[in-house]
Amino acid sequence: MLVAAPAAVPLANAAALPLAGLTAWQAVFEHGQVAAGQRVLVNGAGGGVGGFVTQLAKYAGAEVIATAGARSTEAVRRQGADHVVDYTAMPVGAALDGPVDTLLNLVPLSSPDAAALAPLVRPGGRIVSIATPVEPAVDAGVTAMHMVARNDVAHLAALVELVDAGVVTIDISESRQLAALADVHRLSEAGRTRGKVIIIP
Ligand SMILES: NC(=O)c1ccc[n+]([C@@H]2O[C@H](COP(=O)([O-])OP(=O)(O)OC[C@H]3O[C@@H](n4cnc5c(N)ncnc54)[C@H](OP(=O)(O)O)[C@@H]3O)[C@@H](O)[C@H]2O)c1
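Quick caveat: nothing in here was measured; it's all calculated off a predicted structure. (Residues numbered from 1 in each chain as written. Predicted model: local features only at pLDDT ≥ 70, side-chain atom pairs only at ≥ 80, totals over all residues.)

**A look at the sheet that holds strand 2 (residues 63-67)**
Where we set the bar: By the convention used here, strands pair only if DSSP detects at least 2 bridges between them. Each helix is a run of H or I in the DSSP string that is no shorter than four residues. Each strand is a run of E no shorter than two, and both are numbered from the N terminus. Fitted lines through C-alpha atoms give the axes, limited to the stretch in contact for helices. The angle between two N-to-C directions lies from 0 to 180 degrees. We call two residues in contact whenever the C-beta atoms placed from their backbones are within 7 Å.
Across the sheet, 6 strands lie side by side as 3-2-1-4-5-6; this open sheet has parallel pairing. In this open sheet, the two strands that pair with only one neighbour each are strand 3 (83-85) and strand 6 (143-146). Neighbour to neighbour, the strand axes of the sheet diverge by 15° on average, direction disregarded. As paired elements, strand 5 (residues 121-129) and strand 6 share 4 bridges and run parallel to each other. Residue pairing for strand 6: arginine 126 is matched across the bridge by threonine 143. The sheet strands contacting helix 3 (residues 48-59) are strand 1 (39-43), strand 2 and strand 4 (100-105), and the helix crosses strand 1 at an angle near 175°.

In structure tokens, the structure reads:
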């Protein structure tokens, strides 16, 4: 499956788009059905997928509440988040003034942390997780799903168009040579990377 790369960014940076971008697109539009005026909670906005999720939810016209650590707060604000909650300082539920329409969970969670997120969604709302499933109570009236991204030429072409239009930016935290790949993997496994890391041959 092929889509022309965006012209507005270096070709190497475009490599950050397909997996993270398609995951974000499908979480926001297909499964989350995010629309103008909704309140959306993005849990894990500082990661590679999160950067696209925040921007696409804003593009859809939603109010975005995002969780991010100190190192990612500035990037997440730049991406358009209306409110940023430092998940290392407090549980996001303590910072919310009322339930959200949609929760998009982008991080692996312990069972207690996943259980604490579910009640933050209003009855009739939606939960989409790309990592640990977040299960609402059976009588909560909340639709919840766990999704796996798929290749989709139309979705990727739409993302490229938004990059070229300057609506979506690609949050590259660093570019490394191929020889550093193993180090980058180790850093990622240790939770020490953020945004997208580009590997250049
Ligand atoms: N289902 C699918 O199709 C699919 C597709 C792609 C990825 N995934 C999975 O989705 C997850 C996210 O992918 P990714 O590429 O975005 O990962 P990533 O870039 O490695 O995410 C790292 C970020 O997660 C944030 N984070 C870690 N713990 C957090 C917490 N408790 N609360 C809030 N934020 C937290 C950190 O943010 P700060 O910098 O703010 O601390 C960090 O920047 C991974 O588990 C990945 O395997 C699933």
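**As for helix 7 (residues 153-164)**
What counts, and what does not: One less than the residue count of a helix, multiplied by 1.5 Å, gives the span that helix is expected to have.
Along its 12 residues, helix 7 runs 16 Å from first to last C-alpha, staying within 8% of the 16 Å computed at 1.5 Å per residue. Where the residues of helix 7 are buried, they touch helix 2 (18-31). Of the residues flanking the end of helix 7, it is glycine 166, one or two places downstream, whose phi is positive at about 80°.

**Details of helix 3**
Let me state the cut-off plainly: Residue burial here comes from a neighbour count, namely the number of other C-beta atoms, placed from the backbone, that lie within 10 Å of the residue's own C-beta, with 20 or more meaning buried, 12 or fewer meaning exposed, and in between meaning partly exposed.
If you check helix 3, its first and last C-alpha atoms are 18 Å apart, about what 12 residues at 1.5 Å a residue would give, namely 16 Å. In terms of burial, helix 3 is a largely internal element, 11 of the 12 residues being buried. Buried within helix 3 we find Gly48, Val49, Gly50, Gly51, Phe52, Val53, Thr54, Gln55, Leu56, Ala57 and Lys58. Looking at the buried residues of helix 3, the elements they touch are helix 2, strand 1, strand 2, helix 4 (70-78), strand 4 and strand 8 (196-200). Residue glycine 61 follows helix 3 closely and has a positive phi angle near 95°.

**Some remarks on the nonpolar core**
Stated formally: By convention the nonpolar core is taken to be a set of buried residues drawn from Ala, Val, Leu, Ile, Met, Phe, Trp, Tyr and Cys and joined through C-beta atoms within 7 Å.
Counting residues in hydrophobic clusters, the biggest one holds 48 residues, and the most contacted among them are Val42 and Val53. In contact with valine 42, other than residues within four places in its own chain, are Gly50, Val53, Thr54, Ala57, Val64, Ala66, Leu104 and Leu106.

Note that all results are geometric; they support no functional claim without further evidence.
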